[in-house]
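Given next are the chains, with one letter for each unit.
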Amino acid sequence: MKNVVVLVEQGDNRLMDVSLEMLQKATKLAAVLGGNVSAILIGNQCKDLAEELILYGASKVFLIEDSRLQLYQSGPYIRITADIISDISPEIVLIGGTSIGMDIAPRVAAMLRTGLTSHCVDLYIEKIEGKDQLVHIVPGWKGNMMIKIICPERRPQMATVRPGVMEKGKPDYSRRGEIVSISPEIRDDFKAKTLEMVCEGEERSLDDADIVVSGGYGLYSAGGFELVEGLADAINGEVAGTRPAFDQGWIPESRMIGQSGKTVKPKLFVSIGASGAMHYTTGFSKSKVVVGIDKNPKASIFNVSDLGVVGDLEKIVPCLIEELKK
Amino acid sequence: MSLNIIVCIKQVPDPEHFDKISIDPGTGSIQREGIPSITNPLDRNAIEEALRKKEEFGGTVTVLTMGPPQAKKSIEDALAMGADVGAILCDGAFAGADTLSTACVLSGGIRSLGDFDLILCGSETVDGATGHVAAQLAEFLNIPHVTFARRINVINEETAIVERSIENGYLRVEVKLPAVISVLKSINKYRLPTVMGIMEAAGKEIVELGHSACELVGITGDEIGLKGSPTRVLEVFESPQRRNVEMIGGKPEEIARRLVRRLYELEAL
């Protein structure tokens, strides 16, 4: 059977969105291959989450619970993942393109001596020279290009998936599946031992925002970032920005949009004072409606906007805030 | 105590010029003529971190790259920043490598150069941007790795404490040395080569390593270059993000009124 495995990530006793996004994609890939979806869940006391994974499409959940695995421990997490994959020889392995997923996936791929792609934004099966191949679509050259990659001979085909890009499925309460509890044999695995996790308080998350207002360097001459904050306030949106906005210290790194930052897909994305470099626009290209506001009529932001406004930001944005308050 | 540190670096096309790249309609391959090469910016942070650790504890800093002959420029640059020894893995047999075979060849280079306490890399390059190599290199060297380091505190020759970034904070990780650690931009501000540094660099050694160096440490021909690379690029195409824009003009008040009305019509508000 040609199965698909998803390595699931959890924290604070909830599944991360990217895990559910991958499960939905895995379900579709497995249907094409005529196989099933298995999930691997590692942590401490997370059986409830294993059951939730079944509702989202996993036929089988490999559940590894141990108090020593409460925090991410690279040694055991990686070895356990590689062992399960070796045992069940799936066709495809998907891992979240999160900071932890990006720590696990390359080393597992190297252990298995197989191919891995990074930050996939789409995945599909195509028959190439008579063989089912997973086509990985990854952004390249800072998002200026898209690249199709395959792993023609070796198996499994491994990919990390960019969070926030693929669709999340809905739980199906009629689904049944199997939970396989594995007690890990934890050997001398703690050569890199996580001692503690320190949270640095991310107030609200960009991920689920319906409205995102994002600012770029063009605000520098327009008197600063307050315009973005004011507009976000008026429409109950979240504040974000470009890399130059981050470099200016206007936003924290967690609010930087683009290739090396966040991907968002809100109902409304408003970009103010950003010229629209590809590595920025790739971070919001799946938004429902995009509004571009910039003083330069030739700015490439207007190529990726549904509604465009050219003019002085310090005149237009306050009027917009005024109008929205009505 | 003293630390022998090796930094793996890569010469990459300058991302400031990525808008100049295009696809050759005939061959379907990337046209990157006229794009200058630079040392991958995060690799400079890795070099800087190595130099600071050497300044603190004594020891040596070696820089290693795999690439075509012109990649030597990046090694010279690192030597001018203050690294002691440079090495380049340069061989036609290495061409076409994906991250797996790159990591394998780098591990061969490191083994043939000697024993190191710390192996540093940038977290990712601006071109491939996979972020794979550090963890894969550690696998080939059979030592632990820590990625996305924003702070490295070396305790003694056996142990370092690393602050490793995660989405909402960081993990404090105790790692046994030798280890591979990949660094983020926020770890330091890297120095630029001084005139003095450039003059001194001219007298420093650059070791040239080919596939035979890898074979000597047990890497086979099947593991290097295209043959050792499981992945293949099928096609490159331009990013399909384009939308049909509706421009809204007029006086600011008028623009605001019309824009808000359109947003309601589009059910975006």
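Above: the structure in question.
Residues numbered from 1 in each chain as written. Chains lettered and ligands numbered in written order. Predicted model: local features only at pLDDT ≥ 70, side-chain atom pairs only at ≥ 80, totals over all residues.

### As for the packing of helix 4 (residues 101-112) of chain A against helix 4 (residues 133-141) of chain B
Which entries qualify depends on this criterion: Axes here mean lines fitted to C-alpha atoms, for a helix over just the part in contact, with angles spanning 0 to 180 degrees between N-to-C directions. Under the DSSP-based scheme used, a helix requires at least four consecutive residues in state H or I and a strand at least two consecutive residues in state E, with every element numbered from the N terminus. Reported orientations rely on four angle classes, namely roughly parallel under 35 degrees, roughly antiparallel over 145, roughly perpendicular from 65 to 115, and oblique for the rest. Helix crossings are classified by the rotation of the near helix relative to the far one: an anticlockwise turn of less than a right angle makes the crossing left-handed, while a clockwise turn makes it right-handed. Whether two residues are in contact depends on their C-beta atoms, placed from the backbone: they are in contact if these lie within 7 Å. Gly counts as polar in this scheme, as do all residues outside two lists: the nonpolar Ala, Val, Leu, Ile, Met, Phe, Trp, Tyr, Cys and Pro, and the charged Asp, Glu, Lys and Arg.
Helix 4 of chain B packs onto helix 4 of chain A with a crossing angle of 40 degrees between their chain directions and a minimal axis gap of 8 Å. When the axes of helix 4 of chain A and helix 4 of chain B are compared, the pair comes out oblique. For helix 4 of chain A against helix 4 of chain B, the interelement crossing comes out right-handed. Residue-level contacts link Asp-103, Pro-106, Arg-107, Ala-110 and Met-111 of chain A of helix 4 of chain A to Ala-135, Gln-136, Ala-138, Glu-139 and Phe-140 of chain B of helix 4 of chain B. Residues belonging to the contact of helix 4 of chain A with helix 4 of chain B are distributed by class as follows: six nonpolar, one polar and three charged.

### Here's the deal with the pairing of strand 12 (residues 179-183) of chain B
Residue and element names in this part refer to chain B. Definition in use: Every C-beta atom is placed from the backbone, and the number of other C-beta atoms within 10 Å of a residue's own sets its class: buried at 20 or more, exposed at 12 or fewer, partly exposed in between. The criterion for strand pairing is that DSSP finds at least two bridges linking the strands in question.
Taken across its five residues, strand 12 has five buried, putting it largely inside the fold. Here strand 12 shows a buried face lined by Ala-179, Ile-181 and Val-183 and a second buried face lined by Val-180 and Ser-182. Relative to strand 12, strand 8 (residues 118-122) is paired through five bridges, and the arrangement is parallel. Residue pairing for strand 12: Leu-120 is matched across the bridge by Ile-181.

### Let's talk about the interface of chain A and chain B
Residue-level contacts link 73 residues of chain A with 65 residues of chain B. Residue composition of the side of chain A that touches chain B, grouped by class: 38 nonpolar, 18 polar and 17 charged. The sheet contact formed by strand 10 (residues 145-150) of chain A and strand 14 (residues 232-238) of chain B spans six bridges and is antiparallel. Its bridge partner being in strand 14 of chain B, Met-146 of chain A is matched across the sheet by Phe-237 of chain B.

### Some words on helix 1 (residues 17-33) of chain A
Filter applied, for reference: Each helix should span, by expectation, one fewer than its residue count multiplied by 1.5 Å.
Here helix 1 of chain A spans 24 Å end to end across 17 residues, near enough to the 24 Å set by a 1.5 Å rise per residue. Inspection of helix 1 of chain A places Val-18, Ser-19, Leu-20, Glu-21, Met-22, Leu-23, Lys-25, Ala-26, Leu-29 and Ala-30 of chain A among the buried residues, and these make up the whole buried set.

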